[in-house]
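# Survey of secondary and tertiary structure
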Amino acid sequence: TQLLEQSPQFLSIQEGENLTVYCNSSSVFSSLQWYRQEPGEGPVLLVTVVTGGEVKKLKRLTFQFGDARKDSSLHITAAQPGDTGLYLCAGALYSGGGADGLTFGKGTHLIIQP
Amino acid sequence: NAGVTQTPKFRVLKTGQSMTLLCAQDMNHEYMYWYRQDPGMGLRLIHYSVGEGTTAKGEVPDGYNVSRLKKQNFLLGLESAAPSQTSVYFCASSQGGEAFFGQGTRLTVV
């Protein structure tokens, strides 16, 4: 059973378009993180959201944590080829870091075509 | 600042052979993890450790063993490799939620 469902699994769009990636669960998380992974590299943290309803912005990326802390979204405005990569969401069931590790979604493969 | 370092980066094993993957972190983190990443499966937790001398099973622990004799090192062992263990293995460490990952070890079992 996949605790975190990410959608879409694959997304290919043109440069300049907007997109949203979703991360959904039936579980409540103490925090939720978004990572970006490039080929041949390990995932790198983009943002952590902790409070229900929280919105964080990182340049053209907007992250939102659902009010019930069960879901999250990543919105990219005016996508650029440099945004291409695998985007992973990860939930921590315990506050303070993860007594049993982070639970990861399967990821969204994003391709931005010039 | 090296962060999390994994060795080796690539390895090819024959079925039945054994090997150990080494993970070292220089951030004094308490938590360390081993994940495997397979196409369409995302990152799955194999084993983790909440401190020196402690280990625990994750989601897919069968066929693997781990040890955390020193706080900075977390070793992943395969006693008798099987083709199903062909994967990319990532080590991570954390303190307070954010996980820092190594660059991965690509393992092929033939």
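Cut-offs and rules
Once a new chain begins, its residue numbering starts again from 1 and follows that chain's sequence as written. Whichever chain is written first is A, and whichever ligand is written first is 1; the rest continue in order. Side-chain atom pairs in this predicted model are given and counted only at pLDDT of 80 or more, local residue features only at pLDDT of at least 70, and totals for whole chains, interfaces and linings cover all residues. Hydrogens are left out, water is left out, and the side-chain values use all remaining heavy atoms of the structure. Site definitions follow a grid-based scheme: protein atoms alone, a 1 Å grid, a 1.4 Å probe that fits but cannot get out for cavities, and for pockets an open set with protein on both sides within 12 Å along at least five of seven lines, plus lining residues having an atom within 4 Å of a point. Grid points are joined across faces, edges and corners, and a volume is the space filled by probe spheres set on the points. Only Asp, Glu, Lys and Arg are considered charged, only Ala, Val, Leu, Ile, Met, Phe, Trp, Tyr, Cys and Pro nonpolar, and every remaining residue, Gly among them, polar. A pair of strands counts as paired when DSSP detects no fewer than two bridges linking them. Runs of E in the DSSP output that reach at least two residues are strands. Runs of H or I that reach at least four are helices, and both are numbered from the N terminus. Between N-to-C directions, angles span 0 to 180 degrees; the directions come from axes that are lines fitted to C-alpha atoms, helices contributing only their stretch in contact. Here is the rule: rings of Phe, Tyr and Trp (six-membered ring for Trp) pair when centre to centre is within 6.5 Å. Planes less than 30 degrees apart are stacked, more than 60 are edge-to-face, and the remainder are tilted. Burial here depends on accessible area, computed with a 1.4 Å probe over protein chains only, as a share of the maximum for the residue type. Under 20% is buried, over 50% is exposed, and the range in between is partly exposed.

### Some details on the layout of surface pockets
- Quantified by volume, the largest pocket comes out at close to 640 Å³.
- Taken together, the residues of the lining of the largest pocket sort by class into 10 nonpolar, 14 polar and six charged.

### Description of the sheet that holds strand β7 (residues 65–67) of chain B
Residues and elements named next belong to chain B.
- The sheet built from four strands is open, its strands ordered β1-β3-β8-β7 with antiparallel pairing. Each edge of the sheet is formed by a strand with only one pairing partner; in this case those strands are β1 (4–7) and β7. Each strand of the sheet is rotated relative to its neighbour by a mean of 20°, with strand direction disregarded.
- Here four bridges tie β1 to strand β3 (residues 19–25), and the two strands are oriented antiparallel to one another. Residue pairing for β3: Thr-7 is matched across the bridge by Leu-22.

### What to know about the packing of aromatic side chains
- Tallied over the full model, the rule gives nine aromatic pairs over all chains.
- On the basis of an interplanar angle of 45° and a centroid distance of 6.4 Å, the ring pair of A:Trp34 and A:Phe63 is categorised as tilted. Linking A:Trp34 in strand β4 (residues 31–37) with A:Phe63 in strand β7 (residues 61–65), this pair joins segments that are 29 residues apart in sequence.
- Seen in terms of ring centroids, B:Tyr33 and B:Tyr35 are 6.1 Å apart; in terms of plane orientation they differ by 40°. Their pairing is tilted.
- You can call B:Tyr35 buried: its relative accessible area is 1%.

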